[in-house]
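Here is what each chain is made of, one letter per residue.
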Amino acid sequence: MTNSMNQVLAGRLDQLRSQNLLRVLRQVDSPQIPRALLEGAPVLNFSSNDYLGLASHPELIEASAQAMARFGFGSGASRLISGSLGPHQELEKSIARFKRTEAALVFSSGYATALGAITSLVTRNDIIIIDRLAHASIVDAARLSGAVLRVFPHNDCDALEKILARYESRDRDQQKILIVTESLFSMDGDIAPLKELVELKERFGAWLMVDEAHATGLFGETRGGLVQQFGLTGAIEVQMGTLGKAVGGAGGFIAGSEILIQYLVNRARSFIFSTAMPPANSAAAAKGLDLIAGPVGQARLERLRRNIALFSDLTGRPPAAQHSPIFPWMLGAEEKALDTAARLRELGIFVPAIRYPSVGLGEARLRITFSAAHSLEEVERLANAIKKAG
Ligand SMILES: *Cc1c(COP(=O)(O)O)cnc(C)c1O
């Protein structure tokens with residue numbers, strides 16, 4: 001009998017192992033700070049998306065403690081049942097202010113945000129067109145929506161235009177088109193041509209959704225993201241962001257028109273059928289946004305950019321886009337990425353090897369991420385180590 005579930009699964013895991021694609025959880029016993037404790041050993045951490053070092057900021061901890069003291073820990077129910085607590089509503093007001101949109105809606109994760117928004121905006125009759133490197137949550141949402149899914153090569157507006165042209169003669173009243181991209185790409189660190197995308201979607205009567213998971217807090221006048229930096233806030237129908245990266249908390253959000261938000265409250269299933277995030281979480285995220293928009297955010301962003309520039313100088317490698325905190329160190333073969341990450345680990349440096357399915361097969365890489373919390377000396381240590389290990 002070779003059909004017991006455990007035997008079958010063990011066989012599948014063996015196959016992943018032989019392809020260098022097996023993943024395991026590794027225990028971290030410290031906050032997300034540069035000097036982390038990984039599996040009991042001190043490491044210099046260049047793996048986190050805590051770009052501004054806010055995840056363990058005392059003011060976020062204090063804000064969440066206060067919310068917990070007043071509201072308890074759990075939210076008790078979904079927002080539409082009884083869980084729409086003060087801190088959630090406050091957070092949404094903060095996000096709308098921060099993103100300069102009419103309104104915002106918070107979901108318990110970024111993944112749930114993409115799922116809820118996309119599946120409620122387009123259905124079987126419609127068309128969804130996504131960048132080839134769009135995040136898994138966008139891909140999964142697109143598939144789940146049942147809409148016709150088209151993929152354009154990464155950041156290739158000519159290819160996107162050709163796809164759009166194919167549907168030009170269709171009745172837009174009957175068939176909506178939604179284009180979805182990230183603004184700062186999570187695994188490649190480069191930036192979408194947002195202006196061109198807006199032009200295209202306007203020319204063809206399509207809608208545009210931009211996932212700012214990695215750009216929120218790092219670009220724009222008040223650090224609202226790349227959409228803000230490009231001056232496109234009013235031109236993009238759906239802005240998505242997450243609270244678990246630079247903001248230092250957890251969760252995701254959609255920012256846009258009042259009507260859009262009202263619609264999502266009524267139709268986004270991952271919002272409707274899911275318990276509200278803990279109020280402590282909302283309070284911490286609101287504090288994170290507060291800090292980001294003010295002098296703390298400004299100072300930390302400068303420190304982050306200083307670290308990016310130093311690493312770039314020391315290694316002779318420019319960032320994937322100006323001020324991008326994500327450095328993909330391309331290695332190709334999965335085994336090579338694992339070996340290089342292991343050598344860095346021996347040098348006391350934690351940089352994850354990113355492999356399929358986070359990136360394509362044979363596109364494995366180290367993904368180095370910088371934080372404002374890194375010191376110049378720590379960045380130097382990384383640069384030296386990577387020369388030795390690479
Ligand atoms: C991290 C991420 C998400 C998912 O957000 P979570 O809050 O971690 O679930 C969605 N989109 C992009 C581009 C991301 O990087």
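Refer to the structure printed above.
Residues numbered from 1 in each chain as written. Predicted model: local features only at pLDDT ≥ 70, side-chain atom pairs only at ≥ 80, totals over all residues. Heavy atoms only, no water.

*Asks:* Would you mind going over the overall build of the protein chain with me for this structure?
*Replies:* A count of helical and extended segments in the protein chain gives 15 helices and 13 strands. Radius of gyration (C-alpha) of the protein chain: 21 Å, near the 21 Å computed for a compact globule of 390 residues. If you line up the protein chain on its principal axes, its C-alpha atoms span 60 × 55 × 50 Å. Residue pairs at least 24 apart in sequence account for 70% of intrachain contacts in the protein chain once pairs closer than 6 positions are excluded. (Helix = DSSP H or I, 4+ residues; strand = E, 2+ residues; numbered from the N terminus. Rg over C-alpha atoms; globule rule 2.2 N^0.38 Å. Contact = heavy atoms within 4.5 Å.)

*Asks:* Mind showing me how you'd approach the environment of Tyr-111 here?
*Replies:* Along the polypeptide, Tyr-111 turns up in helix H5 (residues 110–121). Measuring from C-alpha to C-alpha, the distance between Tyr-111 and Ile-138 comes to 8.0 Å, with 27 residues separating the pair along the chain. Aside from chain neighbours lying at most four places away, what touches Tyr-111 is Ser-137 and Asp-140.

*Asks:* Help me understand the site of the ligand, please; the structure alone is not making it clear to me.
*Replies:* Neighbouring the ligand are 14 residues; Gly-110, Tyr-111, Asp-211, His-214 and Lys-245 lie closest to it. At a separation of 2.6 Å, a nitrogen atom of the ligand approaches a polar side-chain atom of Asp-211. Protein contact buries 81% of the 380 Å² of open area that the ligand shows by itself. At the level of secondary structure, the elements contributing two or more residues to the shell around the ligand comprise H5 and strand E8 (238–242). Its residues assigned to classes, the shell around the ligand comprises three nonpolar, eight polar and three charged. (Near = heavy atom within 4 Å. Polar contact = N/O pair within 3.5 Å; in protein donor to acceptor, adjacent residues only side chain to side chain. Areas by Shrake-Rupley, 256 points an atom, 1.4 Å probe, with all protein chains shown as cover. Nonpolar A, V, L, I, M, F, W, Y, C, P; charged D, E, K, R; others polar.)

*Asks:* I tried to follow the sheet that holds strand E9 (residues 252–256) on my own but got confused; where do I start?
*Replies:* Strand pairing in a sheet relies on backbone hydrogen bonds. The paired strands run either parallel or antiparallel. Overall, mixed pairing links the seven strands, which are arranged E3-E9-E8-E7-E6-E4-E5 in an open sheet. Two strands close off the open sheet at either side, each with one partner strand: strand E3 (103–107) and strand E5 (148–152). Across the sheet, the axes of successive neighbouring strands diverge by a mean angle of 20°, strand direction being ignored. Where E8 lies against E9, four bridges are found, and the strand directions are antiparallel. Bridging from a neighbouring strand, Thr-242 pairs with Gly-252 of E9. Strand contacts of helix H8 (residues 194–203): strand E6 (177–182) and strand E7 (207–211), with the helix running at about 155° to E7, the strand carrying the most contacts. (Pairing = 2+ DSSP bridges. Axes fitted to C-alpha atoms, helices over the stretch in contact; angles between N-to-C directions.)

*Asks:* How do you make sense of the pattern of salt bridges when you look at a structure like this?
*Replies:* Proximity of charged atoms lets side chains of opposite charge pair with each other. Following the criterion strictly, the structure yields 15 salt bridges and no others. Where Asp-14 meets Arg-17, a salt bridge forms, and the shortest distance between an N and an O atom there is 2.7 Å. You can see Asp-14 and its partner Arg-17 sitting in helix H1 (residues 5–18), three residues apart, about one turn around the helix. The class for Asp-14 is partly exposed, based on a relative accessible area of 45%. Residue classification places Arg-17 among the partly exposed residues on the basis of a relative accessible area of 46%. With a closest N to O distance of 3.5 Å, Glu-202 and Lys-201 form a salt bridge. A relative accessible area of 4% means that Lys-201 is categorised as buried. Three or more residues joined by partner-sharing salt bridges are found here, namely Arg-132, Asp-188, Glu-363 and Arg-365. (Salt bridge = Lys/Arg side-chain N within 4 Å of Asp/Glu carboxyl O. Buried < 20%, exposed > 50% of the residue type's maximum accessible area, 1.4 Å probe, protein only.)

*Asks:* Would you explain the packing of helix H2 (residues 58–71) against helix H12 (residues 279–293) in this entry?
*Replies:* Between two packed helices, both the angle of their axes relative to each other and the distance between the axes serve to describe the pair. Running from amino to carboxyl end, H2 crosses H12 at an angle of 145°, the nearest separation of the two axes being 7 Å. H2 and H12 meet at a crossing whose hand is right-handed. Note on element contacts: H12 touches H2 through Pro-279, Ala-280, Ala-283, Ala-284, Lys-287, Gly-288 and Leu-291, opposite Glu-59, Leu-60, Ala-63, Ser-64, Ala-67, Met-68 and Phe-71. Among the residues making up the contact of H2 with H12, the classes are represented as ten nonpolar, two polar and two charged. (Left-handed = near helix turned anticlockwise from the far one by under 90°.)

*Asks:* Could you clarify how one ought to interpret helix H4 (residues 86–99) in this entry?
*Replies:* Here H4 contains 14 residues, and its C-alpha end-to-end distance of 20 Å stays within 8% of the 20 Å for a straight helix at 1.5 Å per residue. Buried within H4 are the following residues: Pro-87, His-88, Leu-91, Glu-92, Ser-94, Ile-95, Ala-96, Phe-98 and Lys-99. A positive phi of about 55° marks Arg-100, the residue just after H4. (Expected span 1.5 Å × (residues − 1).)

*Asks:* What exactly am I supposed to notice about the packing of aromatic side chains here?
*Replies:* What characterises a pair of aromatic rings is the spacing of the ring centres plus the angle enclosed by the ring planes. This structure, assessed with the given rule, holds six aromatic pairs. For the ring pair Phe-107 and Phe-271, a centre distance of 5.8 Å and an interplane angle of 70° mean the geometry is edge-to-face. Of this pair, Phe-107 sits in strand E3 while Phe-271 sits in helix H11 (residues 269–272), placing them 164 residues apart in sequence. The exposure classification of Phe-107 matches that of Phe-271, with both residues buried. Over the aromatic face of Trp-329 sits the side chain of Arg-317, whose NZ or CZ is 3.6 Å from the ring centroid. (Phe/Tyr/Trp six-rings, centres within 6.5 Å; stacked < 30°, edge-to-face > 60°. Lys NZ or Arg CZ within 6 Å of the ring centre and 35° of its normal.)

*Asks:* Explain the sheet that holds strand E1 (residues 35–38) to me, please; I cannot follow it from the model alone.
*Replies:* Read from one edge of the open sheet, three strands run E1-E2-E11, paired in mixed fashion. Every other strand in the sheet has two partners, leaving E1 and strand E11 (349–350) as the edge strands with one partner each. Note that E1 and strand E2 (residues 41–45) share four bridges and pair antiparallel. Bridge pairing in E2 links Leu-38 to Ala-41.

*Asks:* Quick question: what am I supposed to make of the pairing of E5 here?
*Replies:* Pairing geometry for strand E4 (residues 127–131) and E5, over five bridges, is parallel. Opposite Ile-127, over in E5, you have Val-148 as the bridge partner. What joins E4 to E5 is helix H6 (residues 136–145), and the crossover it makes is right-handed. (Right-handed = clockwise from strand over helix to strand, strands pointing away.)

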